[in-house]
Amino acid sequence: MKRLLLFITLLSISSIFVNLTSLVANTGQGKAYYNAGFPQVAKPILVEEINADPSSTAENSYYLGNIYFGENKIDSATIFFNKGLAANPLNALNSVGLSMLKMKTNLPEAEIEIQNLLKQKPNKKNIDVFLAIGKAYLANNLIEQANEYQKKAQKLNSKYAPVYVLLGDISLALDSTGKACSNYDLAIYFDENSKEAYIKYARAYKVVNAALSIEKLETLKAKDPTFLLVDKEMADIYYATNKFDKAAKLYENYLKSGNSSAADLTKYAMTLFFNQNFEKSLEVANLGIKKSPRNPAFNRLAMYNYVGLKKFDEALIAADNFFNKSEKPEFTYFDYTYYGQALRGKKQFDLAVKEYEKAYQLDTTKIDLLKEISDMHSENGNYSDAILIFEKYISKINPENNNSDTDMTLGKLYTNLGNSENIGPDKKAIALLSADSLFAKVALLETTNYRGNYWRARVNSALDPETTKGLAKPYYEITATLIESKADARYNTVLIECYSYLGYYSLLQKNNELSLSYWNKIITIEPTNATAIKAIGGITKAMKGKK
């Protein structure tokens, strides 16, 4: 995967992370960001603008109240709407905001307040007040009333872009995506710079037609290259559709806006991680940890990236920080598997198995975890446990996936058990015979593949350690025949093993000429093979002596 070239240095990222709002203070961007559909970006900016310019209190408080309402923080919303009215008692929008809150508990009284508000001369033909009322109803899922006020606003000015944005929002609430986007397009027609319409159009289509969403956002970006939030929007779409290379580049560009949050940095680090750019992803994660040591997202990413870099000592430290020192972490099965990988990398197999078992308990649909657990038991020499877990794995997979590959794996586990030290002769024989039956199934299923017979040969060689019975002979012969027909040097090692056994067995049977032919075949493949050279010399000498 392509290595990403990154624009932002660690220092510049750090300043962005620490100062999310100071870069945009006193620029009046809060309202613009809110109207464009980025309330979380707008929120800290609106607060700072109020602090920097108290004359903006009434207007900015209205937007802050709406943001908190959207977060279901009614007390905070009430505070800001009242704060806006205190700053300017004639500000109708904050009055609408308070009525919006009341709609939840006392709709008739809220509607009386709205009617009284509209009787006031400044509000009778104020299209923004009508739109605010429509939005208030829509926010409370009162679609019919929202539609009524949208129509009233449209009568006041049928060429006003926000009118069609609201109509699009109403259509979207009715699950009519196509109609919603048609209205967003109308808004763009009447105001080609309506960022809100572009953004909402893109969001409406991003699940059903991500390409169309990107196209709309590219149009907006072309109109205003300085509006870097569009990069975030595109990055989020690419992120959601697993196009992490494109997402990373856009997140990187978005960071230059100075409005990134910890969540944005997390996504940026994740895109880098998914692109296997572990070093840079770790750099971003460690930046987050430096600012917020107990942030679970950054501690998780640090662990993931250290595992990706195979720095297992550091990964174990990061795992401790994530699991034991993070603030309210929510664990996924991935977390336990990455911790397990770190332990596995340090050969702490027993502990690694426990983490994988936790992962499996968390999500028993991930049956491949059982195979990983079996592999770790095998790596640790616990072949009996490896067999038990692998058989459990086989019992849970789809029958069509229980094929030659699973038989081969299980057969090799039985082979390892049979060849392990400190196993009694009876258990050894049972294990090897179990392996032989599995490899026999593979040989029957794969008549042109050598592997079933090859492993039968190995197993039977172990059952006949003195090579007196020649149990492995027929299987090595079949293996050699199948491989010779391939004429592929990649299989030379297997051929040498076959010829070595057959040459040795023939020698034990006092068939010197046949034995010599096998050793000569090895020399043809590997002229410097010491065993073959020695065998040829000994057999030749013996044959001359007989003459």
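Placed above this text is the structure.
Because the structure is predicted, anything quoted here is derived from the model rather than measured. (Residues numbered from 1 in each chain as written. Predicted model: local features only at pLDDT ≥ 70, side-chain atom pairs only at ≥ 80, totals over all residues. Heavy atoms only, no water.)

**A few points about helix 30 (residues 512-525)**
Here is step 1 of the chain: Along its 14 residues, helix 30 runs 20 Å from first to last C-alpha, staying within 8% of the 20 Å computed at 1.5 Å per residue.
Here is step 2 of the chain: What helix 30 keeps buried is the set Asn512, Ser515, Leu516, Tyr518, Trp519 and Ile522. Mapping the buried residues of helix 30 onto a view down its axis gives an arc of 160°, with all of them on the same face. Away from the buried face of helix 30 by more than 90 degrees, exposed residues Glu513 and Thr524 are located. (Helix = DSSP H or I, 4+ residues; strand = E, 2+ residues; numbered from the N terminus. Expected span 1.5 Å × (residues − 1). Buried < 20%, exposed > 50% of the residue type's maximum accessible area, 1.4 Å probe, protein only. Arc of directions from axis to C-beta.)

**Points about the packing of helix 13 (residues 195-205) against helix 14 (residues 210-223)**
Here is step 1 of the chain: Their axes nearest at 7 Å, the elements helix 13 and helix 14 cross at an angle of 165°. With respect to helix 14, the element helix 13 is oriented roughly antiparallel. In this structure, the crossing between helix 13 and helix 14 has a hand that is left-handed. Residues Lys195, Tyr198, Ile199, Tyr201, Ala202 and Tyr205 of helix 13 lie in contact with helix 14, whose contacting residues are Ala210, Leu212, Ser213, Lys216, Leu217, Thr219, Leu220 and Lys223. (Axes fitted to C-alpha atoms, helices over the stretch in contact; angles between N-to-C directions. Parallel < 35°, antiparallel > 145°, perpendicular 65-115°, else oblique. Left-handed = near helix turned anticlockwise from the far one by under 90°. Contact = heavy atoms within 4.5 Å.)

**So, the pattern of salt bridges**
Here is step 1 of the chain: Summed over all chains, the structure comprises 32 salt bridges.
Here is step 2 of the chain: Lys249 is paired through a salt bridge with Asp245; the nearest N and O atoms lie 3.9 Å apart. Placement of both Lys249 and Asp245 in helix 16 (residues 244-254) is noted, with a separation of 4 residues, approximately one turn of the helix.
Here is step 3 of the chain: By relative accessible area, which is 48% here, Lys249 ends up partly exposed.
Here is step 4 of the chain: Looking at Asp245, the relative accessible area reads 21%, which means it is partly exposed. (Salt bridge = Lys/Arg side-chain N within 4 Å of Asp/Glu carboxyl O.)

**Description of the packing of aromatic side chains**
Here is step 1 of the chain: Applying the stated criterion to the full structure yields 34 aromatic pairs.
Here is step 2 of the chain: Look at Tyr62 and Phe81: their rings are 6.2 Å apart centre to centre, the planes differ by 40°, and that puts the pair in the tilted class. Placement of Tyr62 in helix 4 (residues 57-70) and of Phe81 in helix 5 (residues 74-87) is noted, with a sequence separation of 19 residues between them.
Here is step 3 of the chain: Its relative accessible area of 8% is what places Tyr62 among the buried residues.
Here is step 4 of the chain: Aromatic ring contacts, followed pair by pair, group Tyr239, Phe244, Tyr251, Phe273, Phe274, Phe278, Tyr304 and Tyr338 into a single cluster. (Phe/Tyr/Trp six-rings, centres within 6.5 Å; stacked < 30°, edge-to-face > 60°.)

**Brief notes about the side chain of Ser378**
Here is step 1 of the chain: By secondary structure assignment, the location of Ser378 is in helix 23 (residues 368-379).
Here is step 2 of the chain: Ignoring any residue separated from it by four or fewer positions in sequence, one finds Ser378 in contact with Tyr383, Ala386, Leu413 and Asn416.

**Observations concerning the layout of surface pockets**
Here is step 1 of the chain: Taken as a whole, the largest pocket holds about 1200 Å³ of empty space.
Here is step 2 of the chain: Looking at the largest pocket, it is lined by 41 residues, and the ones nearest its centre are Tyr34, Asn35, Lys135, Glu196 and Lys200.
Here is step 3 of the chain: Where the lining of the largest pocket is concerned, the elements lending two or more residues are helix 2 (29-35), helix 3 (39-52), helix 4, helix 6 (92-102), helix 9 (127-139), helix 11 (161-173) and helix 13.
Here is step 4 of the chain: Here the lining of the largest pocket is composed, by residue class, of 22 nonpolar, 8 polar and 11 charged. (1 Å grid on protein atoms, 1.4 Å probe; cavity = no way out; pocket = protein on both sides within 12 Å on 5 of 7 lines; lining within 4 Å. Points joined across faces, edges and corners; volume = space filled by probe spheres on them. Nonpolar A, V, L, I, M, F, W, Y, C, P; charged D, E, K, R; others polar.)

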